[in-house]
Amino acid sequence: MGEMSWSGRQGVAVPPGARAMGDPGATGRFGGYGGRYVPESLIPACHEIEAAFRAAWGDPEFRGRLDTLLRVYAGRPTPLTPAWRLSRELGITLLLKREDLVHTGSHKINNVVGQALLAHRMGKERLLAETGAGQHGVATATAAALLGLKATVFMGERDIERQELNVLRMNVLGAEVVPVTTGSRTLKDACNEAMRHWVSSVDDSYYCVGSVMGPHPYPWMVREFQRVIGEEARAQCAAELPVGVPDYVVACVGGGSNAAGTFAGFAGTTARLVGVEAEGGAAATFGRAGVLHGFRSLVLQDEHGQVREAHSVAAGLDYPGIGPEHAHLRDGGRARYETVNDDEVVKALLRLARTEGIVAALESSHAVAWVIRAAGSGEIAPGSTVMLTLSGRGDKDIASIKELL
Amino acid sequence: MTGSVEEFLTARRGTGRPLLVPYVTAGVTPDWTNIVRAYADAGADAVELGFPFSDPMLDGVTIQEAAGRAIAAGTTVRGILDEVATLDAGVPLIAMTYSNLVVQRSVAEFCAALAASGLRGLIVPDSPLEEAGELADAAADAGLDLVLLAAPSSSRARLREIAERSRGFVYALTRMGTTGERGEISEGAARLGRELKELTDRPVLFGFGVSSPARAAELAGHADGVVVASALMRRLLDGARPRELGAYVASLRRALDQGAR
Ligand SMILES: Cc1ncc(COP(=O)(O)O)c(C=O)c1O
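Here the structure is a predicted model, which is why all the values come from computation and not from measurement.

*Asks:* Explain the UniProt feature "active site" (unreviewed entry) in chain B to me, and be specific about the residues and the numbers.
*Replies:* Mapped onto this numbering, the UniProt entry gives "active site" (unreviewed entry) at Glu 48 and Asp 59 of chain B. Excluding anything up to four places from it in sequence, Glu 48 of chain B contacts Val 21, Pro 22, Tyr 23, Val 24, Ile 94, Met 96, Ile 123, Tyr 171 and Val 227 of chain B. Mapped onto the secondary structure, Asp 59 of chain B falls in the loop between strand S2 (47-50) and helix H3 (61-72). According to the relative accessible area criterion, Asp 59 of chain B is buried, its value standing at 4%. Dropping the residues within four chain positions of it, Asp 59 of chain B is found in contact with Arg 196 of chain A together with Gln 64, Met 96, Tyr 98, Thr 178 and Thr 179 of chain B.

Structural data, given as structure tokens:
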């Protein structure tokens, strides 16, 4: 262990000020973003889910069940681990919120356990999900098994090839994986297909959206289910850090759920919030306002309004949009969004692995890559404290980075 | 042709004929405007023009494929409007597209451009009542009829509001699902048609899954007519020429007229 003091006291009480990212109201608006751009056929289902979520979220019994499952099943709270050696190399204090350690290996389980409990409470029989990296699909298959529900997961053919391990895991868990062969054959098309399927099976199926996207109430609901990351980290920082709050809070952004949950715990503090996107899927940087998958936000699109295909080494970040609340946080300046390229990401994955003995997911390695770059350039001042959400573990990616070693 | 979509369709309905609105994806073939003319000549009462979008969430495989082809061929909204401006089909043309294309600059600019090229109506399936306020105002200002969708899942209260706020006609979905020929027409379709007819004097047309002349005639019996899309686009993707597509529309026309007798 390095010279950094570390008490291991990691309380999880909710500190004041953590509620700055609030309820978007009945219309589901975050500034001009969000909303409910779905066909009339799905509107009753959206209303039903919103009402069920509002009731459940205010119901101590539901909250208690969720809390218990997150603890005794998913393995929460997750530790906040100092990156001892890398911190020293970078001249900063880097703390890692270890979502890689939860059951199924990524933060996706936080959201899925919440939504699966909700679906169960609503009397639904089947969970539908889209997945990119397969982490959300695995989490959905897992929660379905836990609660005795069926699961159907839509996954782009291209992602099925590069995330083979997760496809096998879903099969083992008894989920049906439906290959999506249209468009770019990645996450965007899996979302389209999941929506189409949902329209035709809305009576008995519940669409378990995997990030802070989709029609209202999903962006808000998913952020609330992921808020646990930020609230734990906030309390852990309060217990460990001399000033209680880090200088920077950093997370990778695909749709933006691990970042939204993380930011929710720190929005009311002085911490600077940074979301890191893949250069080839950076809607916050290169996108324009538009409507995709049921919500208004920043979308990568051509001059005519056709949505572009995202490209990233990380399947979970291959998404041409960004959650509506992130677009709002960007516009208001409360959070900023940076990009890193594939090359930096693979190097960051290896560097973290070799300095800390932690193999992070390619998605999470985007956040690490930005911190390495910004600390190196002096953009993050020496001596700063950085809290980084390590959204998942890299086991699923080992095969795909093999040739890059 | 003068007047709004609604005036035109109401007048045609007044002659006792079931209404027929066939669909074509604009830009799907270089000669797509000939398809519009062939539809009109074969007895269409209006034509629905799909403006292709990369992520058509309410479309099944056939219309997805047609849209993909049109986009790959370089079809843009501007290009479609330029071609529409030279087209005198003799029946109202109604654009059908997704929100992302509508909000590109502003909904007002989009509606004004459509109207300027001669389009009379607009359908945006991913813009339900809640999101359609600004669009409805912009469409009204431009003189476009904004057609709203009604679904088997819509409550009576929503149906009332949809019937009240829709212009041109009310687009009644035969089933929960996407466009496409496969799948059942839900039992709810007849009920939906009846309910809407009780709520409004506007024309009520069924769409989705109207896959044959017989089915068209059957459905038209519960409302004022039908929209036919995938059955035509599949024939087109299989190689049918404008003349053959016109012949298919004529067969729909005959079935509808016989059913009405
Ligand atoms: C490990 C991991 N991190 C991040 C993401 C991106 O999702 P989000 O931006 O919603 O956190 C994914 C998505 O698959 C993932 O698997």
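*Asks:* Which residues make up the interface of chain B and chain A, and what values do they have?
*Replies:* Contacts between the two partners involve 32 residues from chain B, matched on the other side by 33 residues from chain A. Both sides of the chain B and chain A interface together cover about 2700 Å² of buried area, and 52% of this is carbon and sulfur. Contact with chain A buries surface across chain B, with Asp 55, Met 57 and Glu 131 of chain B losing the most and accounting together for 24% of the total. At the surface where chain B touches chain A, the tally comes to three salt bridges. With a shortest N-O distance of 2.9 Å, Lys 188 of chain A and Asp 55 of chain B are connected by a salt bridge. Seen at the junction of chain B and chain A, the total is 19 residue pairs in polar contact (both at pLDDT 80 or more). At three residues, the largest contribution of residues to the side of chain B that touches chain A is made by helix H5 (residues 99-102) of chain B.

*Asks:* Break down the site of the ligand for me, with residues and values.
*Replies:* Residue and element names in this part refer to chain A. Around the ligand, the surrounding shell holds 19 residues, and the nearest of these are Ser 211, Gly 254, Gly 256, Ser 257 and Ser 391. Between Ser 211 and the ligand, the recorded distance is 2.5 Å, taken from a side-chain N or O atom to an oxygen atom. At 2.7 Å, a backbone N or O of Gly 256 approaches an oxygen atom of the ligand. The protein chains hide 98% of the 390 Å² of surface that the ligand would expose on its own. By residue class, the composition of the shell around the ligand is five nonpolar, 12 polar and two charged. Built from parts of two domains, the shell around the ligand gets at least three residues from each of domain 1 (29-71 + 108-207) and domain 2 (75-105 + 221-404).

*Asks:* For the sheet that holds strand S13 (residues 335-340) of chain A, give the residues involved together with the corresponding values.
*Replies:* Residue and element names in this part refer to chain A. The strand order across the open sheet built from six strands is S3-S4-S14-S9-S10-S13, with neighbouring strands paired in mixed fashion. Across the chains shown, the open sheet's two edge strands, defined by having one partner strand only, are strand S3 (80-82) and S13. Across the sheet, the mean angle separating the axes of adjacent strands is 25 degrees when strand polarity is ignored. Across three bridges, the pairing between strand S9 (residues 248-252) and strand S14 (residues 385-390) is parallel. Within S14, the residue paired with Val 249 across the bridge is Met 387. Helix H9 (residues 218-240) contacts S3, strand S4 (93-98) and S14 of the sheet and is inclined by roughly 140 degrees relative to S4. This element, helix H13 (residues 342-356), spans S3, S4, S13 and S14 of the sheet and lies at about 95 degrees to S13.

*Asks:* Residues and numbers for the confidence of the model for chain B, please.
*Replies:* When pLDDT is averaged across chain B, the result is 96; 98% of the residues are at 70 or more. Listed scores for the predicted complex are pTM 0.95 and ipTM 0.96.

*Asks:* Tell me about helix H10 (residues 213-220) of chain B, and name the residues and values.
*Replies:* Residues and elements named next belong to chain B. All of the buried residues in H10 are Ala 216, Leu 219 and Ala 220. The buried residues of H10 occupy an angular sector of 100 degrees when projected down its axis, which confines them to one face. Exposed residues pointing more than 90 degrees away from the buried face of H10 are listed as Ala 214 and Glu 218. Along its buried surface, H10 packs onto helix H9 (188-199), strand S7 (204-207), strand S8 (225-228) and helix H12 (242-260).

*Asks:* Now, about the pattern of salt bridges: what can you tell me, with residues and values included?
*Replies:* Charged atoms that come close allow side chains of opposite charge to pair. All names here are of chain B. All told, the structure shown has 48 salt bridges over all chains when counted by the stated rule. For Glu 198, the salt bridge is made with Arg 156, and the minimal N-O distance between the two is 3.3 Å. Remark: Arg 156 occurs in helix H8 (residues 156-165) and Glu 198 occurs in helix H9; sequence separation between them is 42 residues.

*Asks:* Describe the packing of aromatic side chains, naming the residues involved and giving the relevant values.
*Replies:* All names here are of chain A. Taken as a whole and judged by the stated rule, the model has 12 aromatic pairs over all chains. Where Phe 53 meets Trp 220, the ring centres are 5.0 Å apart and the plane angle is 85 degrees; that geometry is what we call edge-to-face. Taken as a pair, Phe 53 in helix H1 (residues 43-57) and Trp 220 in helix H9 lie far apart in primary sequence, 167 residues in all. Accessibility assignment for this pair places Phe 53 and Trp 220 in one class, buried.

*Asks:* Explain the UniProt feature "domain: Tryptophan synthase beta chain-like PALP" (unreviewed entry) in chain A to me, using residue names and the numbers behind them.
*Replies:* As recorded in UniProt, the feature "domain: Tryptophan synthase beta chain-like PALP" (unreviewed entry) lies at residues 74-392 of chain A. Across residues 74-392 of chain A, helical content stands at 44% and strand content at 20%; the span's end C-alpha atoms are separated by 13 Å.

*Asks:* Account for the domain arrangement of chain A, naming residues and giving values.
*Replies:* All names here are of chain A. Under the domain assignment used here, chain A contains domain 1 (29-71 + 108-207) and domain 2 (75-105 + 221-404). With centres defined by C-alpha atoms, the gap from domain 1 to domain 2 works out at 22 Å. Tallying the contact residues gives 46 residues for domain 1 and 43 residues for domain 2. With seven residues, the top contributor of residues to the side of domain 1 that touches domain 2 is helix H4 (residues 108-121).

*Asks:* Any details on the UniProt feature "modified residue: N6-(pyridoxal phosphate)lysine" (unreviewed entry) in chain A? Residues and values, ideally.
*Replies:* Residue and element names in this part refer to chain A. Mapped onto this numbering, the UniProt entry gives "modified residue: N6-(pyridoxal phosphate)lysine" (unreviewed entry) at Lys 108. Within the secondary structure layout, Lys 108 lies in helix H4. Judged by its relative accessible area of 17%, Lys 108 falls in the buried class. Setting aside residues up to four positions removed in sequence, Lys 108 forms contacts with Gln 135, His 136, Ala 139, Gly 210, Ser 211, Gln 226 and Ser 257.

*Asks:* Could you give me a rundown of the nonpolar core, with the residues and numbers involved?
*Replies:* Of all hydrophobic cores here, the largest spans 164 residues; its most connected members are Leu 118, Trp 198 and Tyr 206 of chain A together with Tyr 39, Leu 49, Phe 51 and Leu 122 of chain B. Each of domain 1 (29-71 + 108-207) and domain 2 (75-105 + 221-404) of chain A gives at least three residues to this core. In this structure Leu 118 of chain A touches Ile 49, Ala 52, Phe 53, Ala 56, Phe 62, Tyr 206 and Met 221 of chain A, once residues within four positions along its chain are discounted. Cys 252, Val 368, Ala 374 and Leu 390 of chain A belong to the second largest nonpolar core, which has 38 residues in total.

*Asks:* Before we move on, can you summarise the pairing of S4 of chain A with the specific residues and values?
*Replies:* All names here are of chain A. Burial analysis of S4 places five of its six residues in the buried class, the great majority of the element. Relative to S4, S3 runs antiparallel, the two sharing three bridges. Within S4, the residue paired with Pro 82 across the bridge is Leu 95. The sheet contact formed by S4 and S14 spans six bridges and is parallel. Across the sheet, Arg 98 pairs through a bridge with Leu 390, a residue of S14.

*Asks:* I'd like a description of the confidence of the model for chain A, backed by residues and values.
*Replies:* Summing up the model confidence of chain A, the mean pLDDT is 94 and the portion of residues at 70 or higher is 95%. With pLDDT under 50 throughout, residues 11-19 of chain A is counted as low confidence; its partners more than four residues away or in other chains account for 19 contacts.

*Asks:* For unusual backbone geometry, give the residues involved together with the corresponding values.
*Replies:* Along the chain, Arg 76 of chain A connects to Pro 77 of chain A via a cis peptide bond; the corresponding omega equals -5 degrees. Between His 216 of chain A and the following residue, Pro 217 of chain A, the backbone shows a cis peptide bond with an omega angle of 15 degrees. For Pro 217 of chain A, the position within the fold is in the loop between strand S8 (205-207) and H9. Positive phi outside glycine occurs at Arg 185 of chain A, with the angle close to 55 degrees. Tracing the sequence through the fold places Arg 185 of chain A in the loop between strand S7 (176-180) and helix H8 (187-201). The backbone of Phe 208 of chain B shows a phi angle near 90 degrees, a positive value even though the residue is not glycine. Positionally, Phe 208 of chain B belongs in the loop between S7 and H10. Classification of Phe 208 of chain B as buried rests on a relative accessible area of 9%.

Each value, and the rule that gives it
- Here, residues in each chain are numbered from 1, in the same order as that chain's written sequence.
- For this description, chains carry letters from A and ligands carry numbers from 1, given in the order in which they are written.
- Local features in this predicted model are restricted to residues whose pLDDT is 70 or higher, and side-chain atom pairs enter the listing and the counts only when it is 80 or higher, whereas totals over whole chains, interfaces and linings include all residues.
- Side-chain metrics rest on all non-hydrogen atoms present in the structure, leaving aside hydrogens and water.
- UniProt positions are given in the numbering used here, feature names are shortened, and annotations may be inferred rather than shown by experiment.
- Here a residue-residue contact requires only that any non-hydrogen atoms of the pair lie within 4.5 Å.
- Per the convention used, a helix needs a DSSP run of H or I reaching at least four residues, while a strand needs a run of E reaching at least two, with both numbered from the N terminus.
- The cut-offs for exposure are 20% and 50% of the maximum accessible area for each residue type, with area from a 1.4 Å probe on protein chains only; residues under the lower value are buried, those over the upper are exposed, and the others partly exposed.
- Once two parts are joined, some of their accessible surface, as seen by a 1.4 Å probe, is lost; buried area is that loss totalled over both.
- In the sections that follow, a salt bridge refers to a side-chain nitrogen of Lys or Arg positioned within 4 Å of a carboxyl oxygen of Asp or Glu.
- Throughout this description, a polar contact denotes any pair of N or O atoms lying within 3.5 Å of each other; where both atoms belong to protein, one of them has to be capable of donating a hydrogen while the other can accept it, and for residues adjacent in sequence the pair is counted only when both atoms sit in side chains.
- Note on definitions. A residue lies near a molecule or strand when any single heavy atom of the residue is within 4 Å of it.
- Here the accessible surface of atoms and residues is derived via Shrake-Rupley with a 1.4 Å probe, and residues count as covered only by protein chains that are part of the display.
- Residue polarity is assigned by list, with Asp, Glu, Lys and Arg as charged and Ala, Val, Leu, Ile, Met, Phe, Trp, Tyr, Cys and Pro as nonpolar; anything else, Gly included, falls into the polar class.
- As annotated, the domain borders come from an automatic or database domain assignment.
- By this definition, two strands are paired if DSSP reports at least two bridges between them.
- Axis lines are fitted to C-alpha atoms, over the contacting stretch for helices. Their N-to-C directions set the angle, which ranges from 0 to 180 degrees.
- Confidence per residue, as judged by the predictor, is encoded in pLDDT with a range of 0 to 100.
- An arc is given here, and it is the one of the directions from the helix axis to the C-beta atoms.
- Any pair of Phe, Tyr and Trp rings, taking the six-membered ring for Trp, is counted once the centres come within 6.5 Å. Such a pair is stacked with planes under 30 degrees apart, edge-to-face with planes over 60 apart, and tilted for the rest.
- Each nonpolar core is a collection of buried residues, namely Ala, Val, Leu, Ile, Met, Phe, Trp, Tyr and Cys, held together in the definition by side-chain atoms within 4.5 Å.

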